[in-house]
Amino acid sequence: MTDIINLLPDSVANQIAAGEVIQRPASVVKELMENSIDALATKIQVILKDGGNTLIQVIDNGKGMSETDARMSFERHATSKIKDADDLFSLRTMGFRGEALPSIAAVAQVEIKTRREEDSLGVFIEIAGTRVFKQETVMCEKGTNIAVKSLFFNVPARRRFLKSQSTEMMHIRNEFYRIVLVHPEIEFSLFDGKNELLQLPETTLKGRIEHVFDLARKKMEQQLLPVSANSQLIDIKGFVGRPEFAQKSANQYFFVNNRYMRHPYFHKAVMVAYEKLIKPGENPNYFIYFDVDPHSIDVNVHPSKTEIKFENEQAIWSIIHAAVRETLGKFQIAPSLDFDQEGNVDIPVLDSKSVILPPKTSFNPQYNPFGSSSSQHKRPDLDWEKLYTDFDKDKNRLKPAFTNDENVIIETDSTQTEISLEPTKTELFQFKSSYICTSVKSGMMLIDQHRAHFRILFDRFIKKIENKKSFSQQVLFPEILELDPNESEAMNTIIDDLNLVGFDIEPFGKNTFSINGVPSEVGVGSSIPLIKDLLASVIQSEIDVKKKVQTQIALHLARQTAIQSGQFMSQNEMNQLFEDLFQCENHLYSPDGKIIMTVIRNEEIERKFR
Ligand code: ADP
Ligand code: MG
């Protein structure tokens, strides 16, 4: 018998592979736009004809390609973005598999014109399948101009499966949105033939969202509320829509490291935050951008897939939920201190399974087990009261805003009772020199003193960094810091960042530095061990000097200078901590994503006395 195994010719292999990467015109648009972004273009034009069926053209002003690279780029697994498997795990470019161009060329007729800045002439290549029909030098603009014609001309089965032009156009728009919404710094335009569909100038993130969805014309500029959260696990920023703008079909976008993703579990975190604020069946708009260490997500997903796996999904869920809740609370839409809402658990409770609610009348919210003791340590009344009056004002403001609208979203009466905070002047009590206890409406609150202080200090350092002006507390006698060469080198890489968080440090001869000032959060005598500790972290690469060093310094400093567990706190110190904590935007989680407080529910306590 003769052997029966054949190697498939390249053209067939490419066509098969193309089936995975290129499903429809929208996939071509996505791949080409991503290439332009990876090529650092600042202006990208997308031109379509007949919903992309006859022409998809992308013109960029990016870095272009040399003649050899232009030819190479159509070879399978030809990519300039990774060299070995390790690179896969630290990737931040869009493409990396080197599959897009050969796949596109396998199922369409492609013409490319490209020129690098340093070349006087560019190159023109015409290619279809694996065959190059033409290659010549041409005069052209810097950048790349690629035209994909007659998509699937050689795959009739695929061609038949394409939907109507308007459906394909809708898919293209979706891909287009997913890309332009992460690159407000790039100017984009979208044409259907000569018809300009969208023209997006360079702008801010918020500006971009408003332009894309034409919010200004719809008089909806006010609807976007900023969301943000910083923790060691994940940084989140973005915008969520006011509940009154919720619609049946909403614009909901998650992005991770500048890439669109679908994440039903995280979607739920946002939706739960809106619970009771919107009618069932309605959806809020959201645009939430995650920044995570690429190592903590699964990057090896297929390029056309949008699902992404994270480590620590549960912790991230809580962070998203808290951040959105926080925003809605801050803008007086939902109470951020509503300790008494079943189902809207702002604060992780110990007994979350509990469903038996004691009759409301049997519970006296004024009751405070610590109220009668140590009356000389009464906390200042002023701020507490202000907090409540502000809240009352906002409650009332909510009412007309919602009732004027035909979408009455909230039962105003029940909302009022839900919003109301417990107006007692609470005494604080330290438990085991580690936790601060107090009575709240729904039970007994326990606050981890170290984590709370860690959050407060971290936020302060971050604020200094953001404001870029920090006042250091000048010391009377500068301390001299003598370092070994390693430490000294580490110091040189972070000295500017240290000065930004409030130190005033200057080089003072070889391997020696003088500390002229320290941040007010740091005790004067303790700066040397603190700095030595930071330098050790840089040397051991616990602090990655290539990434947001300032945030990492803020984290270290805050963690080290925060009050520790086991440390006694005076009544005044507890009061201060309590107040400062609730001034923090995110008072639920420490910067490393751990819970700061928990509530032991009334019913749990009452059950113990049955
Ligand atoms: P990948 O993007 O995964 O590397 P592609 O097949 O999409 O693979 O592109 C192959 C290579 O061609 C890229 O790595 C890049 O070097 C080059 N390239 C593609 N498009 C452009 C462009 N618009 N400008 C400059 N270089 C490009
Ligand atoms: Mg690519």
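Just above, that's the structure.
To keep things clear, this report deals only with the structure shown in the data block. Computed from a predicted structure; not experimentally measured. In this convention, every chain numbers its residues from 1, walking through the sequence in written order. Think of it this way: whatever chain is written first is A, whatever ligand is written first is 1, and the rest follow in order. Under the rules for a predicted model, residues below a pLDDT of 70 receive no local features and side-chain atom pairs below 80 are neither given nor counted, while totals for whole chains, interfaces and linings still include all residues. Each side-chain value is worked out from all heavy atoms of the structure, with water and hydrogens disregarded.

## Things to note about the pattern of salt bridges
Point 1. Whenever a carboxyl oxygen of Asp or Glu lies within 4 Å of a side-chain nitrogen of Lys or Arg, that contact is scored as a salt bridge. Scanning the entire structure with this criterion turns up 15 salt bridges.
Point 2. Here Asp119 and Arg116 are joined by a salt bridge, their closest N and O atoms 2.9 Å apart.
Point 3. For Arg455, the salt bridge goes to Asp459, with nearest N and O atoms at 2.8 Å. Of the two residues, Arg455 and Asp459 are both situated in helix α12 (residues 449-467); the distance of four residues between them amounts to about one turn of the helix.
Point 4. You can call Arg455 buried: its relative accessible area is 3%. The numbering of helices and of strands both runs from the N terminus, where a helix is a DSSP run of H or I of at least 4 residues and a strand a run of E of at least 2. Using a 1.4 Å probe on the protein chains alone, a residue whose accessible area is under 20% of its type maximum counts as buried, one over 50% counts as exposed, and one in between counts as partly exposed.

## Quick word on unusual backbone geometry
Point 1. Phi angles above zero are rare outside glycine, and Asp50 is one such case at about 50°.
Point 2. Relative to the assigned elements, Asp50 resides in the loop between β1 (43-49) and β2 (55-60).
Point 3. Phi is positive for Lys276, which is not a glycine, with a value near 70°.
Point 4. If you trace the backbone, Lys276 turns up in the loop between α8 (264-273) and β13 (286-291).
Point 5. We classify Lys276 as partly exposed; its relative accessible area is 40%.

## A look at the pairing of strand β3 (residues 109-115)
Across a regular strand the side chains alternate sides, sitting on one face of the sheet and then on the other.
Point 1. Where β3 meets strand β4 (residues 122-128), six bridges bridge the pair, whose relative direction is antiparallel. Residue Gln109 lies in a different strand from β4, and its bridge partner there is Ala128.
Point 2. The pairing criterion for strands is at least two bridges between them, as found by DSSP. The antiparallel pairing of β3 with β4 creates a hairpin that spans six residues between the two strands.

## Some words on the sheet that holds strand β6 (residues 143-149)
Point 1. Across the sheet, eight strands lie side by side as β5-β4-β3-β6-β2-β1-β7-β8; this open sheet has mixed pairing. Strands with a single pairing partner mark the edges of an open sheet, and in this sheet they are β5 (131-138) and β8 (195-200). Taking each pair of neighbouring strands and ignoring which way they run, the sheet shows an average axis angle of 10°.
Point 2. With seven bridges connecting them, β3 and β6 associate as antiparallel partners. By the bridge assignment for β6, Val110 is matched with Val148. Between N-to-C directions, angles cover 0 to 180 degrees, with each direction set by a line fitted to C-alpha atoms, over the stretch in contact for helices.

## Considerations on the packing of aromatic side chains
Point 1. Aromatic pairs are defined between Phe, Tyr and Trp rings, using the six-membered ring for Trp, whenever the two ring centres lie within 6.5 Å; interplanar angles under 30 degrees are classed as stacked, those over 60 as edge-to-face, and all others as tilted. This model, assessed by the stated rule, comprises 18 aromatic pairs.
Point 2. Judged by centre distance (6.1 Å) and plane angle (75°), the ring pair of Phe176 and Phe188 falls under edge-to-face. Of this pair, Phe176 sits in helix α6 (residues 165-180) while Phe188 sits in strand β7 (residues 187-192); the two residues are 12 residues apart in sequence, bridging distant segments of the chain. Of the two residues, Phe176 and Phe188, both sit in the buried class.
Point 3. Each ring, one from Phe266 and one from Phe310, has its centre 5.2 Å from the other, and the planes form 70°; the classification is edge-to-face. Here the residue Phe266 occupies a position in helix α8, and Phe310 occupies one in the loop between β13 and α9 (313-330), the gap between them amounting to 44 residues. Here Phe266 and Phe310 have matching classes, each one buried.
Point 4. Here the aromatic residues Tyr177, Phe213, Tyr253, Phe255, Tyr260, Phe287 and Tyr289 are joined through ring pairs into a cluster of three or more.
Point 5. Here the basic side chain of Arg178 rests over the ring of Tyr260, its NZ or CZ set 3.9 Å away from the ring centre. Only when the NZ of Lys or the CZ of Arg is both within 6 Å of the ring centre and within 35 degrees of the ring normal is a charge said to sit over the ring.

## Quick notes on a nonpolar patch on the surface
Point 1. Any residue with relative accessible area above 30% and no salt bridge may belong to a patch, with like charges joined within 9 Å and the nonpolar Val, Leu, Ile, Met, Phe, Trp and Tyr side chains within 5 Å. Here the accessible surface of atoms and residues is derived via Shrake-Rupley with a 1.4 Å probe, and residues count as covered only by protein chains that are part of the display. Residues Leu8, Val12 and Ile16 make up a contiguous nonpolar surface patch of about 270 Å² in total accessible area.
Point 2. As for its position among the elements, Val12 is in helix α1 (residues 10-21).
Point 3. Of the residues examined, Val12 reaches a relative accessible area of 34% and is grouped as partly exposed.

## Some details on the pairing of strand β20 (residues 597-601)
Point 1. Counting buried positions along β20 yields five of five residues, so the element is predominantly enclosed.
Point 2. With burial as the criterion, each face of β20 is covered, one bearing Met597, Val599 and Arg601 and the other bearing Thr598 and Ile600.
Point 3. The pairing of strand β16 (residues 443-448) with β20 spans five bridges and is classified as antiparallel. The partner of Met444 across the bridge, within β20, is Ile600.

## Description of α6
Point 1. In a helix, the anticipated span is given by 1.5 Å times the number of residues less one. With 16 residues, α6 should reach 22 Å at 1.5 Å per residue; the first-to-last C-alpha distance of 22 Å fits that figure.
Point 2. For α6, every residue scored as buried is listed here: Glu168, Met169, Ile172, Glu175, Phe176, Tyr177, Ile179 and Val180.

## Brief notes about the packing of α8 against α9
Point 1. For the pair α8 and α9, the least separation of the axes is 8 Å and the interaxial angle reads 30°. Taken together, the axes of α8 and α9 are roughly parallel relative to one another. The crossing of α8 and α9 is right-handed. Contacts between α8 and α9 involve Tyr265, Phe266, Lys268, Ala269, Val270, Val272 and Ala273 on the former and, on the latter, Glu313, Gln314, Ile316, Trp317, Ile320, His321, Val324, Arg325 and Leu328. Should an angle fall under 35 degrees it is taken as roughly parallel, and over 145 as roughly antiparallel, whereas 65 to 115 is taken as roughly perpendicular and any remaining angle as oblique. A crossing counts as left-handed when the near helix is turned anticlockwise from the far one by less than a right angle, and as right-handed when that turn is clockwise. Note on contacts: a residue pair qualifies if any of its non-hydrogen atoms lie within 4.5 Å across the two residues.

## So, the environment of Met139
Point 1. In this fold, Met139 is placed in the loop between β5 and β6.
Point 2. The spacing of Met139 and Arg115 is 24 residues in sequence and 8.5 Å in space, taken between C-alpha atoms.

## A look at the nonpolar core
Point 1. Residues Leu32, Val46, Val148, Phe176, Leu181, Phe188 and Phe213 are the most contacted members of the largest nonpolar core, which totals 60 residues.
Point 2. Domain start and end points were adopted from an automatic or database domain assignment. Inspection of this core shows a minimum of three residues originating in each of domain 1 (10-200) and domain 2 (205-330).
Point 3. Residues within four places of Leu181 in sequence aside, it is in contact with Leu205, Arg208, Ile209, Val212, Phe213, Tyr253, Phe255, Phe287 and Tyr289.
Point 4. Here the nonpolar core consists of buried residues drawn from Ala, Val, Leu, Ile, Met, Phe, Trp, Tyr and Cys, with membership extended through side-chain atoms lying within 4.5 Å. Membership of the second largest hydrophobic core comes to 34 residues, among which are Ala490, Ile505, Ile531 and Ala558.

## Overview of helix α16 (residues 571-583)
Within an α-helix, residues lying three or four positions from one another point in the same direction, as the helix has 3.6 residues per turn.
Point 1. With 13 residues, α16 should reach 18 Å at 1.5 Å per residue; the first-to-last C-alpha distance of 19 Å fits that figure.
Point 2. Within α16, burial applies to Gln571, Met574, Asn575, Leu577, Phe578, Glu579, Asp580, Leu581 and Phe582.

## Concerning the sheet that holds strand β9 (residues 224-230)
Point 1. What the five strands build is an open sheet, ordered β9-β10-β13-β11-β12; its pairing is mixed. The two strands at the open ends of the sheet, each matched to only one other strand, are β9 and β12 (259-261). Going across the sheet, the axis of each strand differs from the next one's by a mean of 20°, ignoring polarity.
Point 2. Pairing of β9 with strand β10 (residues 235-241) involves seven bridges; the strand directions are antiparallel. By the bridge assignment, Val227 is partnered in β10 with Gly238.
Point 3. Against the sheet, helix α7 (residues 205-212) engages β9, β10 and β13, with an angle of about 40° to β10.

## Comments concerning the side chain of Ser73
Point 1. One can find Ser73 in the loop between α3 (67-72) and α4 (100-107).
Point 2. Every residue in contact with Ser73, bar those within four places of it in the chain, is listed here: Met65, Ala78, Leu101 and Pro102.

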